[in-house]
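Fold and contact review
What follows is each chain in one-letter form.
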Amino acid sequence: RCETCSEEEAKYRCPRCMKYSCSLLCVKKHKLALSCNGVRDKTAFVSVNEFTDLNLLSDYRFLEDVGRTADAAARHPTMHSPTTKKILYCLRNKARKCGIDLRTLPVGFTKRRENSTTFNCMEKKFYWHLKLVFPHCHAEYTLKGVPDNKTLADILKPYIDPVESDPVVCQRLKMYTSSPQSDVQILMKIENRKQNSVRYNELDASRSLLDNLKGKVIIEYPTLFVVLKTLKNGMVVLGEDASESAENSESENSSLSSMEEGEIRDN
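Remember, predicted model here, so these are calculated numbers, not experimental data.

Description of the overall build of the protein
Each helix and strand counted, the protein has 9 helices and 10 strands in total. Put simply, the protein has 267 residues, and 34% of those count as buried. Taking the contacts inside the protein whose residues are at least 6 apart along the sequence as the reference set, 56% of them involve residues at least 24 apart. In the structure as shown, the protein presents an accessible area of about 16,400 Å², 52% of it carried by carbon and sulfur atoms.

Structure (C-alpha coordinates):
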(Lines give C-alpha, C1' and ligand atoms only; values in the text may rest on other atoms or scores of the structure.)
Protein backbone atom coordinates (compact mmCIF):
# COMPACT_ATOMS: atom_id res chain seq x y z
CA ARG A 1 0.00 0.00 0.00
CA CYS A 2 0.98 3.61 -0.61
CA GLU A 3 2.59 4.97 2.56
CA THR A 4 1.17 8.46 1.94
CA CYS A 5 -2.54 7.88 1.31
CA SER A 6 -2.75 4.24 2.52
CA GLU A 7 -5.50 3.63 -0.05
CA GLU A 8 -4.00 2.62 -3.39
CA GLU A 9 -1.46 -0.04 -4.32
CA ALA A 10 2.08 1.31 -4.39
CA LYS A 11 3.77 1.74 -7.80
CA TYR A 12 6.87 3.76 -6.97
CA ARG A 13 9.58 3.71 -4.34
CA CYS A 14 11.58 6.80 -3.44
CA PRO A 15 15.34 6.27 -4.06
CA ARG A 16 16.12 8.60 -1.14
CA CYS A 17 13.94 7.49 1.77
CA MET A 18 12.51 4.22 0.35
CA LYS A 19 8.89 5.30 0.93
CA TYR A 20 6.25 3.67 -1.29
CA SER A 21 3.88 5.88 -3.31
CA CYS A 22 1.02 5.24 -5.70
CA SER A 23 0.98 8.39 -7.83
CA LEU A 24 2.76 11.62 -8.66
CA LEU A 25 0.52 13.48 -6.22
CA CYS A 26 1.53 11.21 -3.34
CA VAL A 27 5.18 11.47 -4.37
CA LYS A 28 4.97 15.26 -4.10
CA LYS A 29 3.15 15.04 -0.76
CA HIS A 30 5.76 12.73 0.75
CA LYS A 31 8.59 14.99 -0.45
CA LEU A 32 6.96 17.99 1.18
CA ALA A 33 6.13 16.20 4.42
CA LEU A 34 9.57 14.63 4.85
CA SER A 35 11.67 17.36 3.20
CA CYS A 36 12.91 14.68 0.80
CA ASN A 37 14.53 15.57 -2.52
CA GLY A 38 14.06 12.13 -4.07
CA VAL A 39 17.75 11.78 -4.99
CA ARG A 40 19.51 8.61 -3.91
CA ASP A 41 22.10 9.19 -1.19
CA LYS A 42 25.30 7.58 -2.45
CA THR A 43 26.88 7.77 1.02
CA ALA A 44 23.95 6.29 2.98
CA PHE A 45 24.83 3.60 5.51
CA VAL A 46 24.27 -0.01 4.36
CA SER A 47 24.66 -2.88 6.78
CA VAL A 48 26.89 -5.83 5.91
CA ASN A 49 23.87 -8.16 5.69
CA GLU A 50 22.22 -5.94 3.05
CA PHE A 51 25.37 -5.15 1.08
CA THR A 52 25.16 -6.41 -2.53
CA ASP A 53 27.20 -6.26 -5.73
CA LEU A 54 25.17 -3.21 -6.77
CA ASN A 55 26.22 -1.39 -3.59
CA LEU A 56 29.83 -2.33 -4.28
CA LEU A 57 29.60 -1.00 -7.84
CA SER A 58 27.96 2.20 -6.62
CA ASP A 59 30.71 2.76 -4.03
CA TYR A 60 33.40 2.11 -6.65
CA ARG A 61 31.91 4.67 -9.04
CA PHE A 62 31.47 7.18 -6.21
CA LEU A 63 35.14 6.85 -5.20
CA GLU A 64 36.18 7.26 -8.84
CA ASP A 65 34.17 10.50 -9.06
CA VAL A 66 35.77 11.78 -5.85
CA GLY A 67 39.22 10.87 -7.16
CA ARG A 68 38.64 12.74 -10.42
CA THR A 69 37.38 15.81 -8.58
CA ALA A 70 40.33 15.84 -6.19
CA ASP A 71 42.79 15.35 -9.06
CA ALA A 72 41.25 18.22 -11.04
CA ALA A 73 41.39 20.46 -7.97
CA ALA A 74 45.06 19.62 -7.37
CA ARG A 75 45.90 20.56 -10.97
CA HIS A 76 44.06 23.89 -10.82
CA PRO A 77 46.59 26.75 -11.23
CA THR A 78 45.14 28.88 -8.44
CA MET A 79 45.64 25.98 -6.03
CA HIS A 80 49.37 26.71 -6.06
CA SER A 81 49.09 30.51 -6.08
CA PRO A 82 51.00 32.12 -3.15
CA THR A 83 48.30 34.81 -2.88
CA THR A 84 45.51 32.24 -2.56
CA LYS A 85 47.40 30.31 0.10
CA LYS A 86 48.12 33.48 2.04
CA ILE A 87 44.45 34.55 2.02
CA LEU A 88 43.25 31.12 3.15
CA TYR A 89 45.90 30.96 5.87
CA CYS A 90 44.83 34.39 7.12
CA LEU A 91 41.15 33.39 7.21
CA ARG A 92 41.84 30.16 9.10
CA ASN A 93 44.18 31.91 11.53
CA LYS A 94 41.72 34.74 12.30
CA ALA A 95 38.90 32.21 12.73
CA ARG A 96 41.03 30.14 15.12
CA LYS A 97 41.65 33.21 17.27
CA CYS A 98 37.87 33.68 17.46
CA GLY A 99 37.42 30.06 18.59
CA ILE A 100 36.19 28.79 15.21
CA ASP A 101 37.68 25.75 13.47
CA LEU A 102 37.46 26.96 9.86
CA ARG A 103 38.45 24.40 7.21
CA THR A 104 38.82 25.00 3.49
CA LEU A 105 38.44 22.66 0.53
CA PRO A 106 40.56 22.32 -2.64
CA VAL A 107 39.81 24.84 -5.40
CA GLY A 108 37.85 22.40 -7.55
CA PHE A 109 35.06 21.93 -5.01
CA THR A 110 31.82 23.89 -5.38
CA LYS A 111 31.83 25.32 -1.84
CA ARG A 112 35.38 26.64 -2.37
CA ARG A 113 34.31 28.44 -5.57
CA GLU A 114 31.17 29.84 -3.93
CA ASN A 115 32.77 31.05 -0.72
CA SER A 116 33.03 34.85 -0.51
CA THR A 117 33.93 35.11 3.19
CA THR A 118 36.39 37.90 4.00
CA PHE A 119 38.05 39.36 7.09
CA ASN A 120 38.34 43.12 7.51
CA CYS A 121 41.62 43.81 9.34
CA MET A 122 40.68 47.45 10.07
CA GLU A 123 37.37 46.52 11.70
CA LYS A 124 38.68 43.17 12.96
CA LYS A 125 35.48 41.61 11.76
CA PHE A 126 34.41 38.68 9.58
CA TYR A 127 32.01 39.20 6.70
CA TRP A 128 30.59 35.73 6.15
CA HIS A 129 29.25 33.94 3.12
CA LEU A 130 26.10 32.36 4.56
CA LYS A 131 23.53 29.90 3.26
CA LEU A 132 20.01 29.71 4.71
CA VAL A 133 18.01 26.52 4.10
CA PHE A 134 14.24 26.36 4.73
CA PRO A 135 13.61 22.60 4.27
CA HIS A 136 9.84 22.70 4.80
CA CYS A 137 9.43 25.00 1.80
CA HIS A 138 12.33 23.59 -0.25
CA ALA A 139 13.92 27.04 -0.34
CA GLU A 140 17.56 28.13 -0.12
CA TYR A 141 19.02 31.63 0.03
CA THR A 142 22.66 32.70 -0.18
CA LEU A 143 23.84 35.79 1.67
CA LYS A 144 27.15 37.54 1.12
CA GLY A 145 29.05 39.92 3.38
CA VAL A 146 27.10 39.15 6.57
CA PRO A 147 28.92 40.89 9.48
CA ASP A 148 29.80 38.55 12.34
CA ASN A 149 28.24 40.85 14.98
CA LYS A 150 24.76 40.61 13.44
CA THR A 151 22.28 38.52 15.41
CA LEU A 152 20.59 35.53 13.79
CA ALA A 153 17.20 37.10 14.49
CA ASP A 154 18.15 40.16 12.41
CA ILE A 155 19.55 37.93 9.65
CA LEU A 156 16.24 36.05 9.40
CA LYS A 157 13.94 39.09 9.58
CA PRO A 158 13.87 39.69 5.81
CA TYR A 159 12.73 36.09 5.35
CA ILE A 160 10.34 35.00 8.10
CA ASP A 161 9.21 38.21 9.79
CA PRO A 162 5.51 38.75 8.85
CA VAL A 163 6.01 42.53 8.70
CA GLU A 164 9.57 43.13 7.47
CA SER A 165 9.98 40.26 5.00
CA ASP A 166 9.78 40.75 1.25
CA PRO A 167 6.23 39.96 -0.05
CA VAL A 168 7.50 37.41 -2.59
CA VAL A 169 9.74 35.70 -0.03
CA CYS A 170 6.98 35.89 2.58
CA GLN A 171 4.59 34.06 0.27
CA ARG A 172 7.13 31.36 -0.52
CA LEU A 173 7.95 30.88 3.17
CA LYS A 174 4.34 31.16 4.31
CA MET A 175 4.69 28.10 6.52
CA TYR A 176 7.30 29.97 8.56
CA THR A 177 5.77 33.45 8.58
CA SER A 178 2.41 32.11 9.74
CA SER A 179 3.97 30.14 12.62
CA PRO A 180 4.83 31.63 16.03
CA GLN A 181 8.45 32.73 16.32
CA SER A 182 8.79 30.42 19.34
CA ASP A 183 8.31 27.42 17.00
CA VAL A 184 11.21 28.44 14.74
CA GLN A 185 14.48 26.65 15.41
CA ILE A 186 17.87 27.39 13.82
CA LEU A 187 20.14 24.37 13.38
CA MET A 188 23.62 23.80 12.01
CA LYS A 189 24.92 20.39 10.99
CA ILE A 190 27.81 19.02 13.06
CA GLU A 191 30.72 18.18 10.77
CA ASN A 192 32.97 15.10 10.91
CA ARG A 193 30.30 12.62 11.99
CA LYS A 194 29.38 9.27 10.48
CA GLN A 195 26.75 9.33 7.74
CA ASN A 196 24.34 7.23 9.84
CA SER A 197 24.81 9.49 12.88
CA VAL A 198 23.96 13.00 11.64
CA ARG A 199 23.40 15.51 14.43
CA TYR A 200 22.71 19.24 14.58
CA ASN A 201 23.62 22.05 16.95
CA GLU A 202 20.81 24.41 17.95
CA LEU A 203 21.78 28.06 17.60
CA ASP A 204 20.58 31.02 19.67
CA ALA A 205 18.70 33.56 17.52
CA SER A 206 19.26 36.34 20.05
CA ARG A 207 23.08 36.03 19.87
CA SER A 208 25.45 37.19 17.16
CA LEU A 209 26.62 35.00 14.30
CA LEU A 210 30.15 35.01 15.74
CA ASP A 211 28.97 33.84 19.18
CA ASN A 212 27.00 31.00 17.60
CA LEU A 213 29.96 29.82 15.51
CA LYS A 214 32.46 29.71 18.38
CA GLY A 215 33.63 26.19 19.25
CA LYS A 216 32.27 24.71 16.02
CA VAL A 217 33.79 23.24 12.87
CA ILE A 218 32.95 25.20 9.71
CA ILE A 219 33.77 23.84 6.26
CA GLU A 220 34.17 26.89 4.00
CA TYR A 221 31.05 28.76 5.22
CA PRO A 222 28.11 28.23 7.62
CA THR A 223 24.90 26.63 6.40
CA LEU A 224 21.93 27.28 8.70
CA PHE A 225 18.79 25.13 8.63
CA VAL A 226 15.66 27.02 9.68
CA VAL A 227 13.05 24.50 10.82
CA LEU A 228 9.81 24.32 12.75
CA LYS A 229 10.10 22.31 15.95
CA THR A 230 7.04 20.17 15.16
CA LEU A 231 8.23 19.30 11.64
CA LYS A 232 11.93 18.51 12.11
CA ASN A 233 11.38 14.97 10.80
CA GLY A 234 14.44 13.18 12.14
CA MET A 235 16.80 16.16 12.41
CA VAL A 236 18.29 15.19 15.77
CA VAL A 237 19.65 18.03 17.89
CA LEU A 238 22.72 17.12 19.93
CA GLY A 239 22.01 17.29 23.65
CA GLU A 240 18.23 16.81 23.43
CA ASP A 241 18.63 13.33 24.92
CA ALA A 242 20.62 12.46 28.00
CA SER A 243 22.54 9.84 26.01
CA GLU A 244 23.92 12.60 23.77
CA SER A 245 25.60 14.56 26.58
CA ALA A 246 28.78 12.46 26.67
CA GLU A 247 28.95 12.49 22.88
CA ASN A 248 28.63 16.28 22.83
CA SER A 249 31.49 16.64 25.30
CA GLU A 250 33.68 14.28 23.26
CA SER A 251 32.91 16.21 20.06
CA GLU A 252 33.85 19.54 21.67
CA ASN A 253 37.11 18.13 23.01
CA SER A 254 37.95 16.71 19.57
CA SER A 255 37.28 20.10 17.95
CA LEU A 256 39.45 21.94 20.46
CA SER A 257 42.26 19.42 20.01
CA SER A 258 42.07 19.85 16.24
CA MET A 259 42.31 23.63 16.61
CA GLU A 260 45.31 23.36 18.94
CA GLU A 261 47.08 21.00 16.52
CA GLY A 262 46.40 23.41 13.66
CA GLU A 263 47.82 26.33 15.64
CA ILE A 264 50.99 24.36 16.44
CA ARG A 265 51.33 23.34 12.77
CA ASP A 266 50.88 26.90 11.49
CA ASN A 267 53.35 28.30 14.01
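Here the narrative resumes.
Quick notes on the confidence of the model for the protein
Summary statistics for the protein give a mean pLDDT of 80 and a share of 82% for residues scoring 70 or more. Within the model, the stretch residues 242-253 combines pLDDT values under 50 with 8 contacts to residues more than four positions away or in other chains. Overall, residues 263-267 carries pLDDT values under 50, and its contacts beyond four positions in sequence, including any with other chains, amount to 3 contacts.

A few points about the UniProt feature "domain: HIT-type" (unreviewed entry) in the protein
Mapped onto this numbering, the UniProt entry gives "domain: HIT-type" (unreviewed entry) at residues 2-36. Taken end to end, residues 2-36 has its terminal C-alpha atoms 16 Å apart, with 31% of it in helix and 11% in strand.

Here we look at the side chain of Glu220
Looking at the element boundaries, Glu220 is found in the loop between β9 (217-219) and β10 (223-228). With a relative accessible area of 1%, Glu220 lands in the buried category. At 2.8 Å, the side chain of Glu220 and the side chain of Arg112 are in polar contact. Discounting residues that sit within four places of it in the chain, Glu220 has contacts with Leu102, Arg103, Thr104, Leu105, Lys111, Arg112, Asn115, Thr117 and Trp128.

Focus: the nonpolar core
The biggest cluster of nonpolar side chains holds 34 residues, and the ones touching the most others in it are Leu132, Phe134, Tyr159 and Leu173. Taken together, the elements giving at least two residues each to this core come down to α3 (82-97), β5 (125-134), β6 (139-147), α5 (152-160), β7 (184-189), α8 (209-213) and β10. Leaving out residues up to four positions away in the same chain, Phe134 has contacts with Ala139, Tyr141, Leu156, Tyr159, Ile160, Leu173, Tyr176 and Val226. Listed in part, the 6 residues of the second largest apolar core include Val133, Leu187, Phe225 and Val227.

Topic: the environment of Ser116
On the secondary structure map, Ser116 appears in the loop between α4 (110-114) and β4 (118-120). When the C-alpha positions of Ser116 and Leu130 are compared, they lie 8.9 Å apart, and in sequence the two are 14 residues distant. The contacts of Ser116, once residues within four sequence positions are left out, are Tyr127, His129 and Lys144. In this structure the side chain of Ser116 is engaged in a polar contact, spanning 2.8 Å, whose partner is the side chain of His129.

What counts as what
Residues numbered from 1 in each chain as written. Predicted model: local features only at pLDDT ≥ 70, side-chain atom pairs only at ≥ 80, totals over all residues. Heavy atoms only, no water. Helix = DSSP H or I, 4+ residues; strand = E, 2+ residues; numbered from the N terminus. Buried < 20%, exposed > 50% of the residue type's maximum accessible area, 1.4 Å probe, protein only. Contact = heavy atoms within 4.5 Å. Areas by Shrake-Rupley, 256 points an atom, 1.4 Å probe, with all protein chains shown as cover. pLDDT = per-residue confidence, 0-100. UniProt positions renumbered as here; feature names shortened; annotations may be inferred. Polar contact = N/O pair within 3.5 Å; in protein donor to acceptor, adjacent residues only side chain to side chain. Core = buried A, V, L, I, M, F, W, Y, C linked by side-chain atoms within 4.5 Å.

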